[in-house]
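The lines below spell out each chain.
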Amino acid sequence: MTHPQPPGTEPSGTGPVGYDGTGVIERAYQQGVSDAHSGILDNWSFTALPPHVSYLKAEEKRVLDGLPSDDRTRMEAVRGRLAGLAAEQAVTTTRVTELETRHDRAEEDVGGIRTRIDRMAQDDERRRRRRLRHEGDAPEEQPGGMDVTGPETTRWEGPYTSPPLPQWLKLTILAALVAIDVPIQWVIFDYFHGNEVSEQVLAGIFAVSVASIMVLLPHLAGYLYRGRHATGEERPVILTALILLLPCLYLAAMLGYLRARVLLVPPKVADENNRLVPQEGVESAAEPLHASDFSIIALFVMLLFITAGISFLLGTARFHPLRTAYEGATGHRDQMSAQLVAARGHLETLTVQRTELEAARDRLETSAQQRLTDDRNAVQQTFKAARVRYLDGVAAGLADPKATEAIAALIETME
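Residues numbered from 1 in each chain as written. Predicted model: local features only at pLDDT ≥ 70, side-chain atom pairs only at ≥ 80, totals over all residues. Heavy atoms only, no water.

Asks: Pulling in residues and values, what's your account of the packing of aromatic side chains?
Replies: Under the defined criterion, the tally for this structure stands at two aromatic pairs. Lying across the ring of Y223, R318 places its NZ or CZ 3.9 Å from the centre. Cation over ring: R323 sits above F319, and NZ or CZ is 3.7 Å from the ring centre. (Phe/Tyr/Trp six-rings, centres within 6.5 Å; stacked < 30°, edge-to-face > 60°. Lys NZ or Arg CZ within 6 Å of the ring centre and 35° of its normal.)

Asks: For the pattern of salt bridges, give the residues involved together with the corresponding values.
Replies: Taken as a whole and assessed by the stated rule, the structure comprises nine salt bridges. With its nearest N and O atoms 2.2 Å apart, the salt bridge here joins E59 to R62. Of this pair, E59 and R62 both sit in helix α2 (residues 51–66), separated by three residues, roughly a single helical turn. Here R114 and D118 are joined by a salt bridge, their closest N and O atoms 3.2 Å apart. Highlighted residues: R114 and D118, both in helix α3 (residues 72–134), separated by four residues, approximately one helical turn. Residue R114 is classed as partly exposed on the basis of its relative accessible area, which comes to 25%. Residue classification places D118 among the buried positions, given a relative accessible area of 10%. Residues joined by salt bridges that share partners form a network here, namely E107, R333 and D334. (Salt bridge = Lys/Arg side-chain N within 4 Å of Asp/Glu carboxyl O. Helix = DSSP H or I, 4+ residues; strand = E, 2+ residues; numbered from the N terminus. Buried < 20%, exposed > 50% of the residue type's maximum accessible area, 1.4 Å probe, protein only.)

Asks: If you had to explain the packing of helix α5 (residues 197–226) against helix α7 (residues 293–316) to someone new, which residues and values would you point to?
Replies: Between α5 and α7, whose axes approach to 6 Å, the crossing angle comes to 35°. Judged by the sense of rotation from one axis to the other, the crossing of α5 with α7 is right-handed. Counting all contacts with α5, which are made through M214, V215, L216, P218, H219, A221, G222, Y223, Y225 and R226, the residues of α7 involved are A308, S311, F312, L314, G315 and T316. (Axes fitted to C-alpha atoms, helices over the stretch in contact; angles between N-to-C directions. Left-handed = near helix turned anticlockwise from the far one by under 90°. Contact = heavy atoms within 4.5 Å.)

Asks: An account of the nonpolar core is requested, with residue identities and associated values reported.
Replies: Core analysis: the largest hydrophobic core is formed by 22 residues, its most contacted members being F46, L56, F383, Y390, L391, V394 and I407. By size, the runner-up hydrophobic cluster in this structure holds 13 residues, among which are I184, M214, A260 and F300. (Core = buried A, V, L, I, M, F, W, Y, C linked by side-chain atoms within 4.5 Å.)

Asks: Could you give an account of α7, with specific residues and numbers?
Replies: When the terminal C-alpha atoms of α7 are compared, their 35 Å separation across 24 residues agrees well with the 34 Å that a helix rising 1.5 Å per residue should span. By the burial criterion, the buried members of α7 are I296, I297, F300, V301, L304, T307, A308, S311, L314, G315 and T316. (Expected span 1.5 Å × (residues − 1).)

Asks: Please provide a residue-by-residue account of the packing of helix α4 (residues 167–191) against α7, values included.
Replies: Two elements in contact, α4 and α7, have axes separated by 10 Å at closest approach and are oriented at 160°. Classified by the angle their axes make, α4 and α7 are roughly antiparallel. Relative to α7, the crossing made by α4 is left-handed. Only F300, L303, L304, T307, I310, S311 and L314 of α7 make contact with α4, whose side of the interface consists of K170, I173, L174, L177, I180, D181, I184 and Q185. Here the contact of α4 with α7 is composed, by residue class, of 10 nonpolar, three polar and two charged. (Parallel < 35°, antiparallel > 145°, perpendicular 65-115°, else oblique. Nonpolar A, V, L, I, M, F, W, Y, C, P; charged D, E, K, R; others polar.)

Written out as structure tokens, the structure reads:
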């Protein structure tokens, strides 16, 4: 932005602040000479200020009024940036406060869970000491001496034990158990169905369904049983899952028995009419193997019991609920800590930037005010010199000693 200039004056080119009054004084002198030659002024025209002197006074006031109050372009940019930084700083401060609250809550959660785990460790230590005492060990040979209640300083060893089976391995083993059960169930249901395609499909559906139930039910029961110590866990649900194991065991026994009975059916041979009839003298298919029916039945029953037991153990193969909660809480706390550190760092950066920008604004305001004062002085000195120079031009144009004396007296009154 440039300051208003007298007519015909070109901008000084010194930036948004700065005034040098280029051409004003020289044009005032030429105007004085022109007014004298044109007859506008004569020897009797100097009892008051000539019209052009009044014009120069008005022009001086116009230029002074047009000077900017500050360095507007740069100041507006600085103030806009300061406003943006202040808004961002307020938002970041609010986020830091929120993160601090969430971090403190997460820290409390971690501490509460750790306290519960430590109490469990102390209970385990007390039970171990009581067991040693009941087994007849001498008191001095027991850990802690006579203090069978266990040291209160016992703490959990921390989440450093070996992890349970990974999820993919559990799923693989469960699929293998189902694959083991399917042929057993297939033989049973195929025995009761014909050779039609629809009957074979139905037998296959029954075999896969029953095998899946016999594997998944114990697994679900084990999963719920492992989580029985979790806060808010519904005890009736756990009890129901364990109760369902009873019919599951009965089914395993009956299915194993049926599989064995199907396998033990006496072999058939063709008679003289090509009809299949039981082989005479053989009561069971196990006789050629010199194995009893009971051993074959027990084999398949135990096989199904083993698959159900493995499935149950896979359900329990996970961390204690408190340890899972502890690891989840510590992970959440660490995440809150990282976000809090990042937010605090960002807030500190914004604070430094705002401080630097405020200092730059203060320097700009100070320098702009000083340059504004210099501009006002320059305008006043320029137009004062222009008025004197105009009268000099009039005196030169009139070339009359009396006019020169009157002009000199007028100049003295102007000063």
